Amino acid sequence: MLLGLLSLAAVPGFGPERTIPDRMFGLNSDDSLHFERRREPGRIQAAVDAAAAVHRYPGGTLANYWDVRNSRLFRDSDRLNPQDGDPREWTRTKFTIGWVHQSYGWLNPHPISENAAWMRRQPGAVPATILVANMITPGIDWLEARDGRPLDRRPRSTDHDRLHDLRIARGLELIAQARSAGIRLRGMELGNEFYFGASMVSDDAPAVVEPYSAGAWDSSQANAPVDVGAFPDSDLTSYSRAANRWAAAVRAGNPGLPLAAVAAWVGSDGVGDRTKWWNRDALAGLSPTIEALTLHVYGGPQVGSLTGTEGEFAAAMASWRGHWEAGLKRSGLPAGRRLWITEFNVDDEFGETDRLPESKGTWGNGMGNLWAAFHLLRHEPRVDVLLLHELERVIAPGDAGLTAHGLAWSLLCRSSAGRDRVRMLGSDTDPVQAAEFRSSTGSAEPVVLAANFGDHPLPLPPPLAARSGTAWAIDRGSLTPPLPRPISAGTLPARSISVLPGGAARTSGLHPVPARRNNPYHERKNHR
């Protein structure tokens, strides 16, 4: 049993039922590739197979540089032509956040019409999309080029407000484009990660040209200015004023569209002054019409292993739970708003911890994300969006279908989509846990998603004993997805995720296509 915790006989029945959105789990879906790669059939099919119930468009950081009128990032050039419409031109990377400047001269999301086309191919419930507003580009240099005169760059100036109105107009165009393409909207985020502000570019000079940056980086960096950007450090409340301005304009033409403001997940060490005080200052004065806050939550396991033994996996997940609870306390989020976790992965995505074995793309990575999702369903009613980062993480290189991690996440997405009620079986300390999803209107069949996080086959708990279904099980360190197999004799295989229909209803719509066995990601990872 997991660390000697509760025995299976002690697993209680299902807990109380709670309401959830009928589109809750999905992907930060844009993997920031060339237009050409986005159109490759293998990648499109893998994106369909991922079965995300919610997509985020046009992504994270690149949303801050997205030119909705030309379906591209803003152009990289020493001289700006505001009429230029070449979709192969990119943002002025020398003025952007550092990783964009250093690593991704080829960034370009796909047009939203193509996003809609491949989402319509997905079986089951129709996906929904969360749009991300571009609140910091085009820059004031673009407006100066268009107007042919110098402009006042101060955040409270008339020119600055006029620039915000120009960006708002483009945000409204993005909403209109989505609706025209037949996309079901889940809501809009008012920007992405503005608490980081500018960072260093390749020559160690700060990226500071307002408003390509949201603000300064950190006062501990001697060469980083403190008072620059669209939302400067000295006036973080400029963000809430701008967000309220956006909210009023968006809601005027789109009543009922949920809106979320940017909140910071504050780390325990090395946090810059800007991030540390963002939630206290930048979120002060937010309009009640902005009903949610966004968080980006990565990593968390500090001990154990997602790919190791039962005890190591249990230790990693207990560590993640501590990471989540401590992060909420440190972050000091304002009460009364829902939480959208629009970037999430329990794997140590950005190398912040090098003590644990690498798990990216593995079945253990997928089971860890499922364990965390179950914890949030059980304990965190404020969370009603959870998006895995990112589409690129669940598609195997070479476009060979989904990784094992991607398959695990797709099972959660398919089982919950179109269902707005959930009740949980078991506790965080049980080797067998399950979530029963159902629709209050009866429009979708009830489904139970069950997991055996242990190292040994275990019988179905009594509330599920009479059900049969399909199981996916594989070694936690494997990258190639497992093939589905029927559950035999009411037993859940070790390290398995299982789909159990609520009755005699069909389950074919819940199953991803069988994994391709010639997965080059698996081969390369095991033979390098």
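Per-residue confidence for the protein chain gives a mean pLDDT of 81, with 75% of residues at or over 70. Across the protein chain, element-level confidence peaks in strand β8 (residues 259-262) with a mean pLDDT of 98 and bottoms out in helix α13 (residues 520-526) with 34. Note that residues 85-92 has pLDDT below 50 and, in this model, 38 contacts with residues that lie over four places away or in other chains. Residue range residues 503-528 is modelled with pLDDT below 50. Its contacts to residues more than four positions away, or to other chains, number 59 contacts.

Take the side chain of Arg18 next. Along the chain, Arg18 turns up in strand β1 (residues 18-19). Among buried charged residues, Arg18 stands out as having no salt bridge; its nearest opposite-charge side chain is Asp384, 7.0 Å away. In contact with Arg18, not counting residues within four places along its chain, are Leu376, Leu377, Glu380, Pro381, Val383, Asp420, Arg421 and Val422.

Sheet architecture is open: seven strands sit in the order β1-β12-β13-β14-β19-β16-β17, paired in antiparallel fashion. Strands at the two margins of the open sheet, each flanked by one partner only, are β1 and β17 (485-486). In this structure, strand β16 (residues 470-473) lies alongside β17, joined through two bridges in antiparallel fashion. Within β17, the residue paired with Ala471 across the bridge is Arg485. Along the sheet face, helix α10 (residues 363-379) touches β1, β12 (421-425), β13 (432-438), β14 (447-452), β16 and β19 (496-501) and points at about 65° away from the line of β13.

Basis of the calculations
- Residues numbered from 1 in each chain as written.
- Predicted model: local features only at pLDDT ≥ 70, side-chain atom pairs only at ≥ 80, totals over all residues.
- Heavy atoms only, no water.
- pLDDT = per-residue confidence, 0-100.
- Helix = DSSP H or I, 4+ residues; strand = E, 2+ residues; numbered from the N terminus.
- Contact = heavy atoms within 4.5 Å.
- Buried < 20%, exposed > 50% of the residue type's maximum accessible area, 1.4 Å probe, protein only.
- Lys, Arg positive; Asp, Glu negative; His and termini not counted.
- Salt bridge = Lys/Arg side-chain N within 4 Å of Asp/Glu carboxyl O.
- Pairing = 2+ DSSP bridges.
- Axes fitted to C-alpha atoms, helices over the stretch in contact; angles between N-to-C directions.

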